[in-house]
Amino acid sequence: MPDGAKVARAPGAEVISVKEYKSGDKPIWCPGCGDFGVLSATYKALAALQLQRHEVVVVSGIGCSSRTPYFLSTFGVHGVHGRSLPIATGIKLANPALTILVMGGDGDLMSIGTGHFTHAAARNIDLTCVMMDNQTYGLTKAQSSPTSFLGHKSKSTPYGVVAKPINPVLFALASGASYVARGYSARPNDLADIIAGGIRHPGFAFIHVQSPCAEFFNTYDYYDEHVESLPPDWDAHDLKAAVDLALTEEKRHLGVIYEEERTALSDAVRKFEPDTKQFDLTAYLQRFS
Ligand SMILES: Cc1ncc(C[n+]2csc(CCOP(=O)(O)OP(=O)(O)O)c2C)c(N)n1
Ligand SMILES: [Mg+2]
């Protein structure tokens with residue numbers, strides 16, 4: 001088994017229920033927020049995999065979506081805006097046996113955290129990054145974000161957004177993410193399967209979730225009309241097909257778009273260990289005596 005506590009429970013061990021992954025803290029998200037669906041899907045995914053709570057760390061940045069670690073009974077880090085991925089990388093390298101989930105928003109991961117995102121994907125750090133895309137900065141009350149629609153008017157863009165929106169799936173594919181999927185918070189059961197698949201995947205898994213903000217920029221009607229499941233015979237190992245699909249933005253396809261087996265960073269660096277063990281400090285110090 002490669003990295004991560006991804007093995008089902010030991011024979012005879014008690015079943016961990018969905019409820020046991022709940023911290024008991026009630027989310028303070030607005031009524032109707034898409035993030036409720038993502039949280040529910042996350043509980044279900046952890047229960048489906050029967051992960052031990054002490055072997056899971058949920059890392060976030062800052063934002064409404066980044067409050068997620070509080071609502072899980074696993075370990076968690078509510079970090080700094082845009083820096084969830086560096087924090088998660090450090091945790092994974094220090095203890096590769098842990099299962100790491102990074103959960104945050106479109107602002108956190110595609111704006112201030114963009115540089116970290118692309119390099120985490122390229123290094124294939126074994127973690128699951130769930131981005132709750134509400135196309136706005138929800139926590140700071142509705143400024144436009146890198147995924148806001150062209151022309152979208154907000155407090156920060158009173159004349160409408162002029163920047164072309166970032167396409168998160170295309171960006172993840174171009175960065176080298178080895179598992180790229182899309183879910184919709186209004187379909188939490190499908191999303192639970194996608195998250196479980198991302199956790200099982202030994203490498204950088206990116207899950208783009210259309211997670212509407214009910215308060216400032218409600219897009220449920222839009223996504224109800226525009227989402228479509230991937231065809232059942234979809235070949236998730238074809239990168240070119242995945243890129244073409246990502247470019248068809250008039251339909252937001254749901255499911256596992258791309259999957260590739262590639263050495264994860266924590267496995268790659270372990271290969272350096274024999275070299276460092278052979279280092280003879282006494283002999284080295286004698287050079288200076
Ligand atoms: C360094 C820094 N810059 C700016 C902020 C202000 N800030 C807090 S959350 C946020 C954006 C949140 O948007 P997103 O990540 O999409 O999360 P959402 O609230 O929409 O879930 C910003 C700009 C901050 N906390 N720290
Ligand atoms: Mg947001």
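This text goes with the structure placed above it.
Cut-offs used in this document
Residues numbered from 1 in each chain as written. Chains lettered and ligands numbered in written order. Predicted model: local features only at pLDDT ≥ 70, side-chain atom pairs only at ≥ 80, totals over all residues. Near = placed C-beta within 6 Å. Nonpolar A, V, L, I, M, F, W, Y, C, P; charged D, E, K, R; others polar. Helix = DSSP H or I, 4+ residues; strand = E, 2+ residues; numbered from the N terminus. Buried ≥ 20, exposed ≤ 12 C-beta atoms within 10 Å, placed from the backbone. Core = buried A, V, L, I, M, F, W, Y, C linked by C-beta atoms within 7 Å. Pairing = 2+ DSSP bridges. Axes fitted to C-alpha atoms, helices over the stretch in contact; angles between N-to-C directions. Contact = placed C-beta atoms within 7 Å.

Around ligand 1 sit 18 residues in total, of which Gly63, Ser65, Gly105, Gly107 and Gly138 are the nearest. Counted by class, the shell around ligand 1 contains five nonpolar, eleven polar and two charged residues.

Okay, the environment of Pro232 next. Within the element layout of this structure, Pro232 appears in the loop between strand S9 (227-229) and helix H8 (239-247). The exposure class of Pro232 is exposed, given the 6 C-beta atoms found within 10 Å. Expressed as a C-alpha distance, the spacing of Pro232 and Val161, which sit 71 residues apart in the sequence, is 36 Å.

Ranked by size, the top nonpolar core spans 63 residues in total, and within it Val102, Val130, Val180, Ile195, Phe206, Ile207 and Ile257 carry the most contacts. Broken down by element, the residue count for this core peaks at seven residues, all from helix H1 (residues 35-49).

The next point concerns helix H5 (residues 168-175). Among the residues of H5, those classed as buried are Pro168, Val169, Phe171, Ala172 and Leu173. Gly176 sits one or two positions beyond H5 and adopts a positive phi of about 105°.

A few words on the sheet that holds strand S8 (residues 204-210). Judged by pairing direction, the sheet is mixed, and its eight strands sit side by side in the order S2-S1-S3-S4-S8-S7-S10-S9 without closing on themselves. Edge positions in the open sheet fall to strand S2 (75-78) and S9, since each of these has one partner strand only. Averaged over all adjacent pairs, the angle separating strand axes in this sheet is 25°, with direction ignored. The pairing of S9 with strand S10 (residues 252-259) spans three bridges and is classified as parallel. What sits directly across from Ser229, in S10, is Leu254. Contacting strand S1 (56-60), S2, strand S3 (99-105) and strand S4 (127-133), helix H2 (residues 84-94) runs over the sheet at an angle of about 175° to S3. The sheet strands contacting helix H6 (residues 188-200) are S3, S4, strand S7 (179-184), S8 and S10, and the helix crosses S7 at an angle near 160°.

Here the focus is unusual backbone geometry. Even without being glycine, Gln50 reaches a positive phi, approximately 55°. Examined against the element boundaries, Gln50 turns out to sit in the loop between H1 and S1. Judged by C-beta crowding, with 16 C-beta atoms within 10 Å, Gln50 ranks as partly exposed. At Gln135, a residue that is not glycine, the phi angle is positive and equals roughly 60°. On the secondary structure map, Gln135 appears in the loop between S4 and strand S5 (136-137). Classification of Gln135 by C-beta neighbours within 10 Å gives buried; the count is 26.

Honestly, that's just the spatial picture; any functional story needs more than this.
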